[in-house]
Amino acid sequence: MSNQPVEKRVVLVLFHNDLRVHDNATLTMATQLASESSDARLLLVYAAFLADTLNQKNWGQSYHFEEMGQARTRFLEESLSDLDESLQSLGNKLLYLKGTDSTDTLSSAVQLCQLIDEQGVTDICVSQTADYAQNLAYETLQNKYPQISWHSQSTATLFATMPTKELPNSFTQFRKKVEYSHNLLNAQKGVDISPMPKRLPPIPESLAQNPECFFAAQASDERAQLEPRFKGGETQALAHLERYFDSRAPSIYKSTRNALDTWSHTTKFSPWLANGSLSVQTLLNRLRCYERQVIANDSTYWIWFELLWREYFYWYAMTHQKDLFLFKGISTQPPSTGYDKQRLEQWQNGATPYPIVNACMCQLNNTGYMSNRGRQLVASAFIHELELDWRYGATYFEQQLIDYDVASNWGNWQYLAGVGADPRGCRQFNLKKQTQQHDPNGDFRDKWLV
Ligand SMILES: Cc1cc2nc3c(=O)[nH]c(=O)nc-3n(C[C@H](O)[C@H](O)[C@H](O)COP(=O)(O)OP(=O)(O)OC[C@H]3O[C@@H](n4cnc5c(N)ncnc54)[C@H](O)[C@@H]3O)c2cc1C
């Protein structure tokens, strides 16, 4: 066999929900591919709204907001800015293809195709995703460029492939099977993580010299009344990971996790997990380390339990594809709810007849975050009290949540609407009882209903 290096490789990494350099198998793969060629170049790209601008097919998402909410946009831009810094310290940089708007001739999809053509890209590396629209965009690119080799890595989940032969109908069955047949419950051993590249191959010279072709990622500073602790980026994610596990919070998580507001009462990892600034494997290793060194109890088990919910919805989205967005979900009957502009706007603006719902919606509109209990209450009110089509609620969450994740969001909404993975049918929360239980003194309502 000849040891001749392969022809010049131009490798392009298309970042999506993997905005980190630690434990990033996609980046590791791209570096390996480049190392097989003597004069390789590496393009590290984030193309905003790629799916919106590239997908021609209407695949059934009925209601769509044109723009991301302010908090979500800020969190994303901070994440990209931090990623760019890390990539620069490794000898490359992020090309942020921002486009202008989806109908513009200079959309991110157009910018990306220009880049691929001009640079003669030979390989594209992506992370696996349960995002149906993003996968359609990848398919379109693969069809347009059959000569380019595609490489897809698992970076978002604990398991590289579905951990059960078929997806069980309920989370409980899934959890039992996974816990029985996989050894991730074992606190003695960490899961393997991808090594971080020491140095990245360079960007093509023409791009290194003309950075103005692309938009520089810049963090906005419009955060006056926003939650100060949620700052986007891998650096913040890893700092939060250390802070959280240096505290007592993990050892009492099970008794505090239903709180509506207090920062330390839940882990707050979701925004960083959702855009991949934090690797869930790294998080699991840290949790197991806490269990070995501090305490392993019901609360630390419950953090794992919640991470398994995330995992379940990922494989649920992979299994059901575009049925995730259907009104009837995976059931046979659509619900009897519908669209009503006025009630929808009341809900979005926190102006329903239900103060607890309004307070949660104000929290979401101001911070981009809402607790799990809050999400359950506002979704239940949306479906049962306001009798609205659940997809409009899911789409509003998509616009606003800084931790928006296709699988977790749409999977949870389907679950609550009774058209998803819930053998017990739809769930209605008693708002009066829930208010007494979770906001007995009205502190939460006082804080947000101003
Ligand atoms: C209607 C609705 C919509 C939702 N949309 C999203 C979404 O877009 N993105 C998102 O990450 N989560 C979503 N969730 C799940 C959950 O509300 C958030 O993950 C959680 O509130 C985030 O806060 P935390 O990190 O402090 O969670 P913790 O309580 O500390 O949980 C630890 C981690 O477990 C995972 N997790 C916990 N609960 C769930 C759950 N029910 N489903 C899936 N994963 C879970 C998250 O990754 C979370 O970070 C939704 C829940 C509901 C009811």
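Reading the values: the criteria
- Residues numbered from 1 in each chain as written.
- Predicted model: local features only at pLDDT ≥ 70, side-chain atom pairs only at ≥ 80, totals over all residues.
- Heavy atoms only, no water.
- Helix = DSSP H or I, 4+ residues; strand = E, 2+ residues; numbered from the N terminus.
- Areas by Shrake-Rupley, 256 points an atom, 1.4 Å probe, with all protein chains shown as cover.
- Near = heavy atom within 4 Å.
- Polar contact = N/O pair within 3.5 Å; in protein donor to acceptor, adjacent residues only side chain to side chain.
- Pairing = 2+ DSSP bridges.
- Axes fitted to C-alpha atoms, helices over the stretch in contact; angles between N-to-C directions.
- Contact = heavy atoms within 4.5 Å.
- Buried < 20%, exposed > 50% of the residue type's maximum accessible area, 1.4 Å probe, protein only.
- Expected span 1.5 Å × (residues − 1).
- Salt bridge = Lys/Arg side-chain N within 4 Å of Asp/Glu carboxyl O.
- Core = buried A, V, L, I, M, F, W, Y, C linked by side-chain atoms within 4.5 Å.
- pLDDT = per-residue confidence, 0-100.
- Parallel < 35°, antiparallel > 145°, perpendicular 65-115°, else oblique.
- Left-handed = near helix turned anticlockwise from the far one by under 90°.

The next thing to look at is the overall build of the protein. Per the secondary structure count, the protein includes 19 helices and 5 strands. Roughly 20,400 Å² of accessible area belongs to the protein as shown, and the carbon and sulfur atoms make up 47% of that amount.

If you check the shell around the ligand, you find 27 residues, and the closest are Tyr253, Thr266, Thr267, Lys268 and Asn372. A distance of 3.1 Å separates an oxygen atom of the ligand from a polar atom in the backbone of Phe269. Arg375 is positioned with one of its side-chain polar atoms (N or O) 3.4 Å from an oxygen atom of the ligand. When the free accessible area of the ligand is taken as 810 Å², the share hidden by the protein chains comes to 97%. Contributing elements (two or more residues each) for the shell around the ligand: helix 10 (270-274), helix 12 (298-320), helix 15 (372-385) and helix 17 (406-417).

Another aspect to go through is the sheet that holds strand 2 (residues 41-47). The sheet built from 5 strands is open, its strands ordered 3-2-1-4-5 with parallel pairing. Both edges of this open sheet fall to strand 3 (94-97) and strand 5 (149-153), since each of them pairs with a single strand only. When the angles between neighbouring strand axes are averaged without regard to direction, this sheet yields 25 degrees. Contacting strand 1 (10-15), strand 2, strand 4 (123-127) and strand 5, helix 1 (residues 25-35) crosses the sheet at an angle of about 165 degrees to strand 4.

A separate point is the pairing of strand 3. Judged by which residues are buried, strand 3 turns out to be covered on both faces: Leu94 and Tyr96 on one side and Leu95 and Leu97 on the other are all buried. As paired elements, strand 2 and strand 3 share 4 bridges and run parallel to each other. Within strand 3, the position partnered with Ala47 by the bridge is Leu97.

In this section: helix 3 (residues 70-89). With 20 residues, helix 3 ought to run about 28 Å at 1.5 Å a step, and its terminal C-alpha atoms sit 29 Å apart, in line with that. Helix 3 sits mainly inside the fold: 15 of its 20 residues count as buried.

Another point: the environment of Ser371. One can find Ser371 in the loop between helix 14 (355-367) and helix 15. Residue classification places Ser371 among the buried residues on the basis of a relative accessible area of 4%. Excluding anything up to four places from it in sequence, Ser371 contacts Ala259, Leu260 and Gln363.

With that out of the way, let us pick up the pattern of salt bridges. Scanning the entire structure with this criterion turns up 16 salt bridges. Among the ionic pairs, Arg445 bridges to Asp439, the shortest N-O distance being 2.6 Å. Judged by relative accessible area, which is 3%, Asp439 ranks as buried. In this structure, a network of salt bridges that share partners links the residues Arg9, Glu36 and Asp123.

Another point: the side chain of Thr26. Looking at where Thr26 falls in the secondary structure, it is placed in helix 1. On the basis of relative accessible area, Thr26 is assigned to the buried category, the value being 0%. In terms of polar contacts, Thr26 uses its side chain to reach the side chain of Ser127, at 2.6 Å. Excluding anything up to four places from it in sequence, Thr26 contacts Val13, Asp18, Cys125, Val126, Ser127, Gln153 and Thr155.

Within the largest apolar cluster, 88 residues are counted, with the highest numbers of intra-cluster contacts made by Tyr312, Trp347, Trp390 and Trp413. If one sorts the elements of this core by residue count, helix 12 sits on top with 13 residues. Look past the residues within four positions of Trp347 in its chain and what remains in contact with it is Thr352, Val357, Met361, Val378, Phe382, Leu386, Gly393, Tyr396, Phe397 and Trp413.

Before going further, it helps to spend a moment on the confidence of the model for the protein. Per-residue confidence for the protein averages 90 on the pLDDT scale, and 90% of its residues sit at or above 70. Every residue in residues 211-228 is under pLDDT 50, and counting partners more than four places away or in other chains gives 31 contacts.

On to helix 17. Side chains three or four residues apart in an α-helix point the same way, a direct result of the helix having 3.6 residues per turn. With 12 residues, helix 17 extends 16 Å between its outermost C-alpha atoms, agreeing within 8% with the 16 Å of an ideal straight helix rising 1.5 Å per residue. Of all 12 residues in helix 17, 10 are buried; the element is thus mostly enclosed. Of the residues one or two after helix 17, Gly418 is the one with positive phi, at around 80 degrees.

What follows deals with the packing of helix 6 (residues 171-181) against helix 12. Relative orientation and spacing of two packed helices are given, respectively, by the angle between their axes and the distance between those axes. Here helix 6 crosses helix 12 at 110 degrees, and the two axes come no closer than 10 Å. Taken together, the axes of helix 6 and helix 12 are roughly perpendicular relative to one another. For the crossing formed where helix 6 meets helix 12, the hand is right-handed. Taking contact as the criterion, the partners of Phe171, Phe174, Arg175, Val178 and Glu179 in helix 6 are, on helix 12, Tyr301, Trp304, Phe305, Leu308, Trp309, Glu311, Tyr312 and Trp315.

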